[in-house]
Amino acid sequence: MVVSVEYRIDRRSGVPAFQQIVQQTKQALRLGVLVPGDRLPTAKEVAATSTVNPNTTLKAYRELEREGLVEPRPGQGTFVRRTLGRPETGTDSALYAELVAWMSRAAGDGLEQEDVAALVASAMEKQYAAGNVAATRSTTTGSTGATTTRSTGE
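Residues numbered from 1 in each chain as written. Predicted model: local features only at pLDDT ≥ 70, side-chain atom pairs only at ≥ 80, totals over all residues. Heavy atoms only, no water.

Asker: What's the story with the overall build of the chain in this structure? I'm lost.
Answerer: Secondary structure assignment for the chain yields six helices and four strands. Helices (α) and strands (β) of the chain occur, in sequence order from the N terminus, as β-α-α-α-β-β-α-α-α-β. For the chain, the proportion of its 154 residues judged to be buried stands at 29%. For the chain, the share of sequence-separated contacts (at least 6 apart) that also reach a separation of at least 24 residues comes to 63%. Counting every atom, the chain has about 9,600 Å² of accessible surface; 52% of that belongs to carbon and sulfur. (Helix = DSSP H or I, 4+ residues; strand = E, 2+ residues; numbered from the N terminus. Buried < 20%, exposed > 50% of the residue type's maximum accessible area, 1.4 Å probe, protein only. Contact = heavy atoms within 4.5 Å. Areas by Shrake-Rupley, 256 points an atom, 1.4 Å probe, with all protein chains shown as cover.)

Here it is as structure tokens:
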């Protein structure tokens with residue numbers, strides 16, 4: 001299956017571009033947007049869409065390879081080796097649907113994106129810092145930061 005991932009690099013974030021690529025790829029793996037066997041875009045393709053140096057993408061891919069998430073195949077590209085996702089965290093899960101509904105309600109109530117991010121960050125910090133993870137097994141996910149298109153054609 002062919003997957004086209006377009007990374008969004010925020011130069012004002014203070015986070016190095018290669019690390020943003022790593023983070024966005026991991027989020028796509030957690031959400032099930034990328035699955036084992038999918039090919040990541042080439043360094044040249046990422047450079048064209050994200051205006052980053054190809055070496056930046058290669059550095060990110062090497063980091064993902066060190067973590068066992070992707071594998072390079074000479075002459076073919078870099079492929080997803082394993083996922084980070086669990087069924088309850090995918091974009092087709094009930095939790096995701098509830099989160100989207102909550103986000104819609106928050107936007108309808110006039111909250112800006114930064115307001116929502118602050119609320120989610122605060123709730124996550126409260127939940128996970130208190131050691132409540134094992135008791136409730138609640139999970140909150142955010143946007144991947146990347147645009148992904150999946151097709152069955154070559």
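There is more to say after this.
Asker: Explanation requested: the nonpolar core in the structure shown.
Answerer: Within soluble globular proteins, side chains that are nonpolar generally end up buried alongside one another. If you look at the biggest cluster of nonpolar residues, it comprises 21 residues, and the most contacted ones within it are Tyr7, Ile21, Leu34, Leu40 and Tyr61. Broken down by secondary-structure element, the contributors of at least two residues to this core are strand S1 (2-7), helix H1 (17-30) and helix H3 (54-66). Apart from residues no more than four positions distant in its own chain, Leu40 is found in contact with Tyr7, Thr25, Leu34, Tyr61, Val70, Thr78 and Val80. (Core = buried A, V, L, I, M, F, W, Y, C linked by side-chain atoms within 4.5 Å.)

Asker: Explanation requested: the pattern of salt bridges in the structure shown.
Answerer: Two side chains that carry opposite charge are able to pair once their charged atoms sit near each other. Enumeration according to the criterion identifies five salt bridges in this entry. Of the charged contacts in the structure, one is a salt bridge between Asp10 and Arg12, with a shortest N-O distance of 3.9 Å. We note a salt bridge from Arg39 to Glu45, for which the minimum N-O separation is 3.9 Å. On the accessibility criterion, Arg39 (24% relative accessible area) is partly exposed. Judged by its relative accessible area of 35%, Glu45 is partly exposed. (Salt bridge = Lys/Arg side-chain N within 4 Å of Asp/Glu carboxyl O.)

Asker: Hey, could you run me through the packing of aromatic side chains in this one?
Answerer: Two aromatic rings are characterised by how far apart their centres lie and by the angle between their planes. Per the stated rule, a full pass over the model turns up zero aromatic pairs. Above the ring of Phe18, the side-chain terminus of Lys59 is found at 4.2 Å from the ring centroid. The ring of Phe79 has Arg73 lying over it, and the distance from NZ or CZ to the ring centre is 4.0 Å. (Phe/Tyr/Trp six-rings, centres within 6.5 Å; stacked < 30°, edge-to-face > 60°. Lys NZ or Arg CZ within 6 Å of the ring centre and 35° of its normal.)

Asker: Would you mind showing me how to read the pairing of strand S2 (residues 70-73) here?
Answerer: The side chains of a regular strand alternate between both faces of the sheet. Bridge count for S2 against strand S3 (residues 77-80) is four bridges, and the pairing is antiparallel. Among the inter-strand pairings, Arg73 is bridged to a residue of S3, identified as Gly77. (Pairing = 2+ DSSP bridges.)

Asker: Got a minute to help me understand unusual backbone geometry in this structure?
Answerer: Unlike most non-glycine residues, Thr51 shows phi in positive territory, near 50°. If you trace the backbone, Thr51 turns up in the loop between helix H2 (43-50) and H3.

Asker: It is not clear to me how the side chain of Gln20 should be interpreted in this structure. Could you clarify?
Answerer: Its location among the elements puts Gln20 in helix H1. Discounting residues that sit within four places of it in the chain, Gln20 has contacts with Arg8, Ile9, Asp10, Ser13 and Val15.

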